[in-house]
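Geometric and topological summary
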Amino acid sequence: MSTIVESFKKRFGAEMAGPLVSLIAVVIFFSIASPQFLSQATFGSVAFQLPELGLLTLAMLLPILTGGLNLAITFTANIAGLTVAWVLQANGGIDATPAAFALGCVCAVAVGAAAGVIMGLVVAYTRAHPILVSLSMMIFVRGLGEFLTRGGDVSGFPDFVQPLGHGSVLGIPVPLIVLIVCVGLWHVLLTRTKLGFNTYMIGSNIEATRYSGISTRRVVVLVYTLSGAMCAVAGIIMLARFNSVRVGHGESYLLITVLACFLGGINPFGGFGRVLPVFLALVVLQLLSSGLNLLGANQHLATAVWGLLLVGVMILRWVASHLKFLNSRKG
């Protein structure tokens, strides 16, 4: 196995090696375990289920690269989705126009970005730990949403919203197209812009970055703002997918977004990682879930497997870093 991993590292790079090996292992295992795994139905299901999780993972990615975390991603997405629903209801409900939906989407992105701005300002100016700040935002947004909806669902949307969650263009699901576009935007942001470079620098050493003349506060606020805006995009896709909005939709995604980032080679302490390996890790996790479903496993078992996988990834990383340190001392 180590020889295979080293071969993939040389061919595709160190970041892509782990997710690629995991992808091949998952495909081979479930292909043998279930004849239905390698079918159009399986990959069609993955293509429709992947986007909402992928968008939330992108929202989690930027804060992690700075050494932070955004625990409020799912509830920010839901409050953004609720914003769209309220705008549609205020403009005729199922008879609302596309202009009303466009207005709702703009308001939703504004709400998501506002949540990110608040978290970014608190993290940047008070130096409070991002876990505590985002946890506080999560509790606030969840409570606000449950108060406004009385803990129920909001539904009843125009028919033209459905293709955004279930439609296809040239056989490619519309939500997947949205995800691919967002992955491309995040890739360009992190590899071709000053903000991306500064994000990596802050994750590596925020004090050294500050002394180099970079406004670390401004970068942190922008990172959390973009994270909140991406949550809003996820919330809009979830609204179209489920044809309803509820505060608790996608609550279990939080664990998986963190797992996808770590499985995709993101340093949990910030400063290192790329978007494309994370996207590949998302595909692996979704195929793992679909494979377990085909074998008749309970969905809760899939969640347990994801948790064990997260622990395993952390242990393997510690072992790899320890071995690297020992080899460097020997050299």
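Structure report, in brief. (Residues numbered from 1 in each chain as written. Predicted model: local features only at pLDDT ≥ 70, side-chain atom pairs only at ≥ 80, totals over all residues. Heavy atoms only, no water.)

1. Concerning the layout of surface pockets
Of the volumes computed, that of the second largest pocket is approximately 350 Å³. In terms of lining residues, the second largest pocket is bounded by 19 residues, among which Thr66, Val123, Pro130, Ile206 and Val220 are the most central. Elements represented by at least two residues in the lining of the second largest pocket include exactly α5 (98-126), α9 (194-204), α10 (206-211) and α11 (216-242). With four residues, α11 is the single largest residue contributor to the lining of the second largest pocket. Of the residues belonging to the lining of the second largest pocket, the class tally is nine nonpolar, six polar and four charged. (1 Å grid on protein atoms, 1.4 Å probe; cavity = no way out; pocket = protein on both sides within 12 Å on 5 of 7 lines; lining within 4 Å. Points joined across faces, edges and corners; volume = space filled by probe spheres on them. Helix = DSSP H or I, 4+ residues; strand = E, 2+ residues; numbered from the N terminus. Nonpolar A, V, L, I, M, F, W, Y, C, P; charged D, E, K, R; others polar.)

2. Thoughts on the side chain of threonine 199
Structurally, threonine 199 can be placed in helix α9. Taking relative accessible area as the criterion, threonine 199 reaches 2% and is therefore assigned buried. A polar contact is formed between the side chain of threonine 199 and the backbone oxygen of leucine 195, at a distance of 2.7 Å. Residues in contact with threonine 199, not counting those within four places in the same chain, are Leu62, Leu65, Thr66, Val219 and Val223. (Buried < 20%, exposed > 50% of the residue type's maximum accessible area, 1.4 Å probe, protein only. Polar contact = N/O pair within 3.5 Å; in protein donor to acceptor, adjacent residues only side chain to side chain. Contact = heavy atoms within 4.5 Å.)

3. Overview of the environment of valine 141
Along the chain, valine 141 turns up in helix α6 (residues 130-149). Under the relative-accessibility criterion, valine 141 is labelled buried at 6%. On a C-alpha basis, the gap between valine 141 and threonine 74 in space is 9.8 Å, while along the polypeptide they are 67 residues apart.

4. Here we look at helix α12 (residues 253-263)
Counted residue by residue, α12 has ten buried out of eleven residues, so it is predominantly covered. When α12 is considered as a whole, its buried residues turn out to be Tyr253, Leu254, Ile256, Thr257, Val258, Leu259, Ala260, Cys261, Phe262 and Leu263. One or two positions beyond α12, positive phi appears at glycine 265, with a value near 90°.

5. Side note on the nonpolar core
In this structure, Leu58, Met60, Leu61 and Trp186 are the most contacted members of the largest nonpolar core, which totals 96 residues. Filtering out sequence-adjacent residues up to four positions away, tryptophan 186 remains in contact with Leu58, Leu61, Leu62, Leu226, Met230 and Val275. (Core = buried A, V, L, I, M, F, W, Y, C linked by side-chain atoms within 4.5 Å.)

6. Quick word on helix α13 (residues 275-294)
With 20 residues, α13 should reach 28 Å at 1.5 Å per residue; the first-to-last C-alpha distance of 29 Å fits that figure. Most of α13 is tucked away: 16 of the 20 residues are buried. Positive phi shows up at glycine 296, right after α13, with a value of about 85°. (Expected span 1.5 Å × (residues − 1).)

These results come straight from atomic positions and should not be treated as a statement about function.
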